[in-house]
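Structural characterization, general
The residues making up each chain are set out below.
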Amino acid sequence: MSTAILEKPATAAATDTILSLNNIEVIYDHVILVLKGVSLQVPRKGIVAILGANGAGKTTTLKAISNLLKAERGEVTKGSIVFDGERVDKMSPNELVRRGCIQVMEGRHCFGHLSIEENLLTGAFTRRDGNAAIKRDLEKIYELFPRLKQRRGSQAGYTSGGEQQMCAIGRAMMSKPKMILLDEPSMGLAPQIVEEIFEIVRQLNDKEDVSFLVAEQNTNMALRYATYGYIMETGRVVMDGEAKMLRENEDVKEFYLGVAEGNKKSFREVKSYKRRKRWLS
Ligand SMILES: Nc1ncnc2c1ncn2[C@@H]1O[C@H](COP(=O)(O)OP(=O)(O)OP(=O)(O)O)[C@@H](O)[C@H]1O
Ligand SMILES: [Mg+2]
(Lines give C-alpha, C1' and ligand atoms only; values in the text may rest on other atoms or scores of the structure.)
(Ligands and ions follow the chains in the order given, each with its own letter.)
Protein backbone atom coordinates (compact mmCIF):
# COMPACT_ATOMS: atom_id res chain seq x y z
CA MET A 1 0.00 0.00 0.00
CA SER A 2 2.53 2.53 1.10
CA THR A 3 4.79 1.84 -1.90
CA ALA A 4 1.93 2.59 -4.29
CA ILE A 5 1.50 5.95 -2.62
CA LEU A 6 5.21 6.63 -2.86
CA GLU A 7 5.41 5.66 -6.52
CA LYS A 8 2.79 8.05 -7.74
CA PRO A 9 4.63 11.37 -7.40
CA ALA A 10 7.77 9.89 -9.03
CA THR A 11 5.79 8.94 -12.15
CA ALA A 12 4.09 12.31 -12.26
CA ALA A 13 7.46 14.08 -12.04
CA ALA A 14 8.86 11.98 -14.89
CA THR A 15 6.07 12.98 -17.22
CA ASP A 16 5.74 16.67 -16.31
CA THR A 17 9.43 17.59 -16.40
CA ILE A 18 11.26 16.77 -19.61
CA LEU A 19 14.64 18.05 -18.47
CA SER A 20 16.15 18.40 -15.06
CA LEU A 21 19.65 19.57 -14.13
CA ASN A 22 20.59 18.89 -10.56
CA ASN A 23 23.55 20.70 -9.07
CA ILE A 24 25.74 20.56 -12.15
CA GLU A 25 29.40 21.46 -11.95
CA VAL A 26 31.49 21.87 -15.11
CA ILE A 27 35.27 22.09 -15.30
CA TYR A 28 37.25 22.96 -18.45
CA ASP A 29 40.79 21.65 -18.94
CA HIS A 30 40.65 19.81 -15.59
CA VAL A 31 41.09 23.05 -13.64
CA ILE A 32 38.79 25.87 -14.77
CA LEU A 33 35.60 25.68 -12.73
CA VAL A 34 32.88 27.29 -14.83
CA LEU A 35 29.49 26.03 -13.64
CA LYS A 36 28.99 25.91 -9.90
CA GLY A 37 25.94 24.00 -8.81
CA VAL A 38 23.49 24.83 -11.58
CA SER A 39 20.01 23.37 -11.20
CA LEU A 40 17.13 23.96 -13.58
CA GLN A 41 13.99 22.33 -14.89
CA VAL A 42 12.11 22.46 -18.16
CA PRO A 43 8.48 21.35 -18.09
CA ARG A 44 7.35 19.10 -20.93
CA LYS A 45 6.16 21.30 -23.82
CA GLY A 46 7.53 24.37 -22.07
CA ILE A 47 9.73 27.21 -23.27
CA VAL A 48 12.36 28.14 -20.69
CA ALA A 49 15.03 30.84 -21.03
CA ILE A 50 18.57 30.96 -19.64
CA LEU A 51 19.56 34.60 -19.44
CA GLY A 52 22.80 36.34 -18.60
CA ALA A 53 25.66 38.44 -19.90
CA ASN A 54 28.78 37.39 -21.81
CA GLY A 55 30.56 34.51 -20.17
CA ALA A 56 27.80 33.81 -17.63
CA GLY A 57 27.78 30.11 -18.52
CA LYS A 58 24.72 29.79 -20.77
CA THR A 59 26.43 27.93 -23.62
CA THR A 60 28.32 25.75 -21.17
CA THR A 61 25.02 24.76 -19.57
CA LEU A 62 23.50 23.79 -22.94
CA LYS A 63 26.62 21.86 -23.95
CA ALA A 64 26.63 20.05 -20.62
CA ILE A 65 23.13 18.80 -21.45
CA SER A 66 23.84 17.85 -25.07
CA ASN A 67 27.18 16.26 -24.14
CA LEU A 68 29.12 18.52 -26.48
CA LEU A 69 31.58 19.60 -23.76
CA LYS A 70 34.11 16.89 -24.50
CA ALA A 71 35.02 18.56 -27.78
CA GLU A 72 35.95 21.64 -25.71
CA ARG A 73 37.90 19.71 -23.06
CA GLY A 74 35.09 20.30 -20.64
CA GLU A 75 33.51 17.84 -18.24
CA VAL A 76 30.50 17.56 -15.95
CA THR A 77 32.19 16.73 -12.64
CA LYS A 78 29.22 16.88 -10.25
CA GLY A 79 25.47 16.59 -10.36
CA SER A 80 23.08 14.79 -12.67
CA ILE A 81 21.11 15.48 -15.83
CA VAL A 82 17.82 13.72 -16.44
CA PHE A 83 16.10 13.91 -19.83
CA ASP A 84 12.72 12.32 -20.37
CA GLY A 85 13.02 10.22 -17.24
CA GLU A 86 16.54 8.93 -17.92
CA ARG A 87 20.03 9.88 -16.73
CA VAL A 88 21.84 11.22 -19.81
CA ASP A 89 25.06 12.72 -18.50
CA LYS A 90 27.20 9.86 -19.77
CA MET A 91 25.59 9.53 -23.20
CA SER A 92 27.08 10.55 -26.52
CA PRO A 93 25.52 13.50 -28.36
CA ASN A 94 24.13 11.08 -30.99
CA GLU A 95 22.46 8.87 -28.41
CA LEU A 96 20.84 11.95 -26.96
CA VAL A 97 19.63 13.11 -30.38
CA ARG A 98 18.08 9.67 -30.87
CA ARG A 99 16.27 10.08 -27.56
CA GLY A 100 14.92 13.41 -28.76
CA CYS A 101 17.18 16.15 -27.41
CA ILE A 102 19.19 18.25 -29.87
CA GLN A 103 21.18 21.46 -29.67
CA VAL A 104 21.16 24.29 -32.21
CA MET A 105 24.54 25.92 -31.77
CA GLU A 106 25.21 29.60 -31.49
CA GLY A 107 26.24 31.12 -34.80
CA ARG A 108 23.79 29.00 -36.82
CA HIS A 109 26.30 26.53 -38.21
CA CYS A 110 24.83 25.64 -41.58
CA PHE A 111 27.00 23.89 -44.11
CA GLY A 112 27.65 26.88 -46.34
CA HIS A 113 28.50 24.90 -49.47
CA LEU A 114 25.36 22.73 -49.29
CA SER A 115 21.89 23.81 -50.38
CA ILE A 116 19.22 24.58 -47.79
CA GLU A 117 17.52 21.27 -48.60
CA GLU A 118 20.74 19.29 -48.27
CA ASN A 119 21.34 21.00 -44.93
CA LEU A 120 17.86 20.02 -43.73
CA LEU A 121 18.42 16.42 -44.80
CA THR A 122 21.66 16.18 -42.79
CA GLY A 123 19.44 16.69 -39.73
CA ALA A 124 17.85 13.29 -40.30
CA PHE A 125 21.12 11.36 -39.90
CA THR A 126 20.17 9.63 -36.65
CA ARG A 127 16.83 8.43 -37.98
CA ARG A 128 16.10 4.90 -39.03
CA ASP A 129 12.53 5.23 -40.23
CA GLY A 130 13.26 5.36 -43.95
CA ASN A 131 13.27 7.85 -46.79
CA ALA A 132 9.52 8.18 -47.22
CA ALA A 133 9.07 9.36 -43.62
CA ILE A 134 12.01 11.74 -43.99
CA LYS A 135 10.54 13.17 -47.19
CA ARG A 136 7.19 13.72 -45.46
CA ASP A 137 8.89 15.58 -42.62
CA LEU A 138 10.84 17.70 -45.06
CA GLU A 139 7.53 18.86 -46.56
CA LYS A 140 6.28 19.59 -43.06
CA ILE A 141 9.34 21.75 -42.40
CA TYR A 142 8.60 23.67 -45.60
CA GLU A 143 5.06 24.28 -44.37
CA LEU A 144 6.42 25.62 -41.10
CA PHE A 145 9.15 27.67 -42.80
CA PRO A 146 7.83 28.92 -46.17
CA ARG A 147 11.02 30.96 -46.56
CA LEU A 148 13.10 27.79 -46.57
CA LYS A 149 10.89 26.31 -49.26
CA GLN A 150 11.55 29.31 -51.48
CA ARG A 151 15.27 28.97 -50.85
CA ARG A 152 15.48 25.16 -50.89
CA GLY A 153 17.90 25.06 -53.83
CA SER A 154 20.09 27.98 -52.71
CA GLN A 155 23.54 27.44 -51.33
CA ALA A 156 23.14 28.05 -47.58
CA GLY A 157 26.26 30.22 -47.38
CA TYR A 158 24.59 32.80 -49.63
CA THR A 159 21.30 33.04 -47.75
CA SER A 160 20.59 35.71 -45.11
CA GLY A 161 21.43 35.35 -41.41
CA GLY A 162 17.74 34.86 -40.60
CA GLU A 163 17.35 32.17 -43.25
CA GLN A 164 20.44 30.39 -41.92
CA GLN A 165 19.02 30.45 -38.39
CA MET A 166 15.75 29.00 -39.74
CA CYS A 167 17.75 26.38 -41.61
CA ALA A 168 19.62 25.43 -38.40
CA ILE A 169 16.33 25.09 -36.49
CA GLY A 170 14.70 23.24 -39.42
CA ARG A 171 17.62 20.86 -39.55
CA ALA A 172 17.24 20.16 -35.82
CA MET A 173 13.52 19.53 -36.42
CA MET A 174 14.41 16.85 -38.99
CA SER A 175 15.69 14.68 -36.11
CA LYS A 176 12.10 14.67 -34.74
CA PRO A 177 13.13 16.13 -31.39
CA LYS A 178 11.09 16.31 -28.21
CA MET A 179 13.34 19.13 -27.08
CA ILE A 180 15.60 21.72 -28.71
CA LEU A 181 18.43 23.49 -26.88
CA LEU A 182 18.69 26.80 -28.72
CA ASP A 183 21.80 28.91 -28.21
CA GLU A 184 21.45 32.67 -28.82
CA PRO A 185 19.07 32.56 -31.78
CA SER A 186 18.98 36.37 -31.87
CA MET A 187 22.71 36.84 -32.30
CA GLY A 188 23.57 39.24 -35.13
CA LEU A 189 20.02 39.46 -36.44
CA ALA A 190 17.84 42.53 -36.95
CA PRO A 191 14.99 42.92 -34.40
CA GLN A 192 12.28 42.07 -36.91
CA ILE A 193 14.02 38.84 -37.91
CA VAL A 194 14.59 37.95 -34.25
CA GLU A 195 10.86 38.27 -33.74
CA GLU A 196 10.20 36.03 -36.73
CA ILE A 197 12.55 33.39 -35.29
CA PHE A 198 10.87 33.49 -31.88
CA GLU A 199 7.45 33.22 -33.55
CA ILE A 200 8.71 30.04 -35.20
CA VAL A 201 9.86 28.75 -31.82
CA ARG A 202 6.38 29.44 -30.46
CA GLN A 203 4.77 27.61 -33.41
CA LEU A 204 7.00 24.56 -33.06
CA ASN A 205 6.19 24.53 -29.37
CA ASP A 206 2.49 24.94 -30.01
CA LYS A 207 1.92 22.72 -33.03
CA GLU A 208 4.70 20.16 -32.74
CA ASP A 209 4.90 20.01 -28.92
CA VAL A 210 8.64 20.64 -28.91
CA SER A 211 10.06 21.81 -25.57
CA PHE A 212 12.68 24.56 -25.69
CA LEU A 213 15.56 25.68 -23.52
CA VAL A 214 16.76 28.95 -25.04
CA ALA A 215 19.98 30.73 -24.03
CA GLU A 216 19.74 34.43 -24.74
CA GLN A 217 21.40 37.74 -24.01
CA ASN A 218 18.30 39.37 -25.49
CA THR A 219 16.38 39.19 -22.21
CA ASN A 220 13.52 41.30 -23.44
CA MET A 221 12.67 39.08 -26.40
CA ALA A 222 13.29 35.80 -24.58
CA LEU A 223 10.98 36.75 -21.69
CA ARG A 224 8.17 37.53 -24.13
CA TYR A 225 8.18 33.97 -25.42
CA ALA A 226 9.39 31.88 -22.50
CA THR A 227 7.14 31.04 -19.59
CA TYR A 228 9.99 30.73 -17.11
CA GLY A 229 13.52 32.10 -16.90
CA TYR A 230 16.82 31.47 -15.12
CA ILE A 231 19.32 34.30 -14.79
CA MET A 232 22.96 33.24 -14.67
CA GLU A 233 26.00 35.12 -13.52
CA THR A 234 29.55 33.74 -13.35
CA GLY A 235 28.45 30.14 -13.57
CA ARG A 236 25.58 30.25 -11.10
CA VAL A 237 21.84 30.74 -11.27
CA VAL A 238 21.28 33.98 -9.36
CA MET A 239 17.56 34.28 -9.89
CA ASP A 240 14.72 32.35 -11.48
CA GLY A 241 11.00 32.72 -11.83
CA GLU A 242 7.97 33.02 -14.08
CA ALA A 243 8.73 35.16 -17.14
CA LYS A 244 6.07 37.66 -16.15
CA MET A 245 7.58 38.10 -12.70
CA LEU A 246 11.08 38.54 -14.18
CA ARG A 247 9.83 41.10 -16.71
CA GLU A 248 8.34 43.17 -13.93
CA ASN A 249 11.16 42.73 -11.44
CA GLU A 250 12.96 46.05 -10.87
CA ASP A 251 16.43 44.49 -10.65
CA VAL A 252 15.97 42.52 -13.86
CA LYS A 253 14.72 45.67 -15.55
CA GLU A 254 17.75 47.56 -14.36
CA PHE A 255 20.39 45.00 -15.24
CA TYR A 256 19.01 43.19 -18.24
CA LEU A 257 16.22 45.17 -19.82
CA GLY A 258 18.14 48.44 -19.91
CA VAL A 259 15.27 50.36 -18.32
CA ALA A 260 17.03 52.19 -15.50
CA GLU A 261 20.16 54.29 -15.79
CA GLY A 262 23.36 54.51 -13.81
CA ASN A 263 26.38 52.30 -13.26
CA LYS A 264 25.72 48.61 -13.58
CA LYS A 265 26.96 46.72 -10.57
CA SER A 266 26.90 42.98 -10.40
CA PHE A 267 23.37 41.68 -10.37
CA ARG A 268 24.30 39.59 -7.38
CA GLU A 269 24.85 42.69 -5.28
CA VAL A 270 21.32 43.95 -5.65
CA LYS A 271 18.88 43.82 -2.82
CA SER A 272 16.36 41.26 -3.93
CA TYR A 273 19.03 38.69 -4.59
CA LYS A 274 20.34 39.17 -1.08
CA ARG A 275 16.81 38.85 0.21
CA ARG A 276 16.35 35.65 -1.71
CA LYS A 277 19.63 34.31 -0.46
CA ARG A 278 18.66 35.02 3.15
CA TRP A 279 15.35 33.36 2.54
CA LEU A 280 17.09 30.32 1.11
CA SER A 281 19.60 29.97 3.91
N1 LIG B 1 36.57 25.64 -23.95
C2 LIG B 1 36.73 26.42 -22.88
N3 LIG B 1 37.83 26.36 -22.12
C4 LIG B 1 37.97 27.14 -21.03
N5 LIG B 1 37.06 28.03 -20.62
C6 LIG B 1 35.94 28.17 -21.34
C7 LIG B 1 35.70 27.37 -22.51
N8 LIG B 1 34.50 27.73 -23.02
C9 LIG B 1 34.01 28.68 -22.21
N10 LIG B 1 34.86 28.95 -21.21
C11 LIG B 1 34.65 29.92 -20.13
O12 LIG B 1 33.49 29.58 -19.43
C13 LIG B 1 32.75 30.74 -19.04
C14 LIG B 1 31.33 30.62 -19.54
O15 LIG B 1 31.33 30.67 -20.96
P16 LIG B 1 30.02 30.41 -21.82
O17 LIG B 1 30.44 30.39 -23.24
O18 LIG B 1 29.30 29.25 -21.28
O19 LIG B 1 29.17 31.73 -21.51
P20 LIG B 1 27.90 32.33 -22.23
O21 LIG B 1 26.96 32.72 -21.13
O22 LIG B 1 27.39 31.41 -23.27
O23 LIG B 1 28.45 33.66 -22.90
P24 LIG B 1 28.05 34.38 -24.30
O25 LIG B 1 26.80 35.15 -24.00
O26 LIG B 1 29.20 35.27 -24.57
O27 LIG B 1 27.86 33.33 -25.32
C28 LIG B 1 33.52 31.93 -19.59
O29 LIG B 1 34.29 32.47 -18.55
C30 LIG B 1 34.39 31.32 -20.66
O31 LIG B 1 35.58 32.05 -20.78
MG1 LIG C 1 27.15 31.53 -25.32
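Described in the following lines is the structure provided in the data block. Predicted model only: the values in this text are computed from it and were never measured.

**Regarding the sheet that holds strand 5 (residues 86–87)**
Strand order across the open sheet formed by four strands is 2-1-4-5, with antiparallel pairing between neighbours. Since the sheet does not close on itself, it has two edges, and those belong to strand 2 (32–43) and strand 5, each with one partner. In this structure, strand 4 (residues 74–83) lies alongside strand 5, joined through two bridges in antiparallel fashion. Bridging from a neighbouring strand, Val82 pairs with Arg87 of strand 5. Sheet strands touched by helix 2 (residues 58–66): strand 1 (17–28), strand 2 and strand 4. Its angle to strand 1, the strand with the most contacts, is close to 110°.

**Overview of the site of ligand 1**
Around ligand 1, the surrounding shell holds 15 residues, and the nearest of these are Asn54, Lys58, Thr59, Thr60 and Gln217. A distance of 2.7 Å separates an oxygen atom of ligand 1 from a polar atom in the side chain of Thr59. Separating a nitrogen atom of ligand 1 from a side-chain N or O atom of Glu72 is a distance of 3.3 Å. Coverage of ligand 1 by the protein chains reaches 67% of its 640 Å² of free accessible surface. For the shell around ligand 1, the secondary structure elements donating two or more residues are strand 2 and helix 2. The biggest single contributor to the shell around ligand 1 is helix 2, with three residues. Tallied by class, residues from the shell around ligand 1 come to five nonpolar, six polar and four charged.

**Side note on the nonpolar core**
Formed by 50 residues in total, the largest nonpolar core has its most connected members in Phe145, Leu148, Ile180 and Phe212. Residues contacting Leu148, with those up to four places away along its chain left out, are Ile116, Leu120, Ile141, Tyr142, Glu163, Met166 and Cys167. Grouped together as the second largest cluster of nonpolar side chains are 32 residues, Leu21, Ile50, Ala64 and Met91 included.

**Focus on the pattern of salt bridges**
When their charged atoms lie close together, side chains carrying opposite charge are able to pair. Considering all chains together, one arrives at 23 salt bridges under this definition. With a closest N to O distance of 2.9 Å, Asp89 and Arg87 form a salt bridge.

**Brief notes about the packing of aromatic side chains**
Across all of its chains, the model carries two aromatic pairs by this definition. With 5.3 Å between their ring centres and 55° between their planes, Tyr228 and Tyr230 make a pair best called tilted. Residue Tyr228 is classed as partly exposed on the basis of its relative accessible area, which comes to 23%.

**Details of the coordination of the magnesium ion (ligand 2)**
Taken together, the protein donors to the magnesium ion (ligand 2) comprise Thr59 (OG1) and Glu106 (OE), at separations of 1.9 to 2.8 Å. Taken together, the residues span a long stretch of sequence, with Thr59 in helix 2 and Glu106 in the loop between strand 6 (101–104) and helix 4 (116–122) at a distance of 47 residues. Since its relative accessible area comes to 30%, Glu106 is described here as partly exposed.

**Overview of the layout of surface pockets**
In this structure, the largest pocket spans a volume of roughly 430 Å³. Taken together, 20 residues form the lining of the largest pocket, with Ile102, Gln103, Met105, Phe125 and Arg171 sitting closest to its centre. Mapped onto the lining of the largest pocket, the elements with two or more residues apiece are helix 3 (93–99), strand 6 and helix 7 (161–173). Of the residues in the lining of the largest pocket, the class split is 12 nonpolar, six polar and two charged.

**As for unusual backbone geometry**
Glycine aside, residues mostly have negative phi, and peptide bonds are mostly found in the trans state. Although it is not a glycine, Asn23 adopts a positive phi angle of roughly 55°. Relative to the helices and strands, Asn23 is located in strand 1. With a relative accessible area of 49%, Asn23 lands in the partly exposed category. Although it is not a glycine, Asn67 sits at a positive phi angle of roughly 65°. One can find Asn67 in the loop between helix 2 and strand 4.

Cut-offs applied
- Residues numbered from 1 in each chain as written.
- Chains lettered and ligands numbered in written order.
- Predicted model: local features only at pLDDT ≥ 70, side-chain atom pairs only at ≥ 80, totals over all residues.
- Heavy atoms only, no water.
- Pairing = 2+ DSSP bridges.
- Helix = DSSP H or I, 4+ residues; strand = E, 2+ residues; numbered from the N terminus.
- Contact = heavy atoms within 4.5 Å.
- Axes fitted to C-alpha atoms, helices over the stretch in contact; angles between N-to-C directions.
- Near = heavy atom within 4 Å.
- Polar contact = N/O pair within 3.5 Å; in protein donor to acceptor, adjacent residues only side chain to side chain.
- Areas by Shrake-Rupley, 256 points an atom, 1.4 Å probe, with all protein chains shown as cover.
- Nonpolar A, V, L, I, M, F, W, Y, C, P; charged D, E, K, R; others polar.
- Core = buried A, V, L, I, M, F, W, Y, C linked by side-chain atoms within 4.5 Å.
- Buried < 20%, exposed > 50% of the residue type's maximum accessible area, 1.4 Å probe, protein only.
- Salt bridge = Lys/Arg side-chain N within 4 Å of Asp/Glu carboxyl O.
- Phe/Tyr/Trp six-rings, centres within 6.5 Å; stacked < 30°, edge-to-face > 60°.
- Donors = N, O, S within 2.8 Å, 3.2 Å for Na, K, Ca; no water.
- 1 Å grid on protein atoms, 1.4 Å probe; cavity = no way out; pocket = protein on both sides within 12 Å on 5 of 7 lines; lining within 4 Å.
- Points joined across faces, edges and corners; volume = space filled by probe spheres on them.

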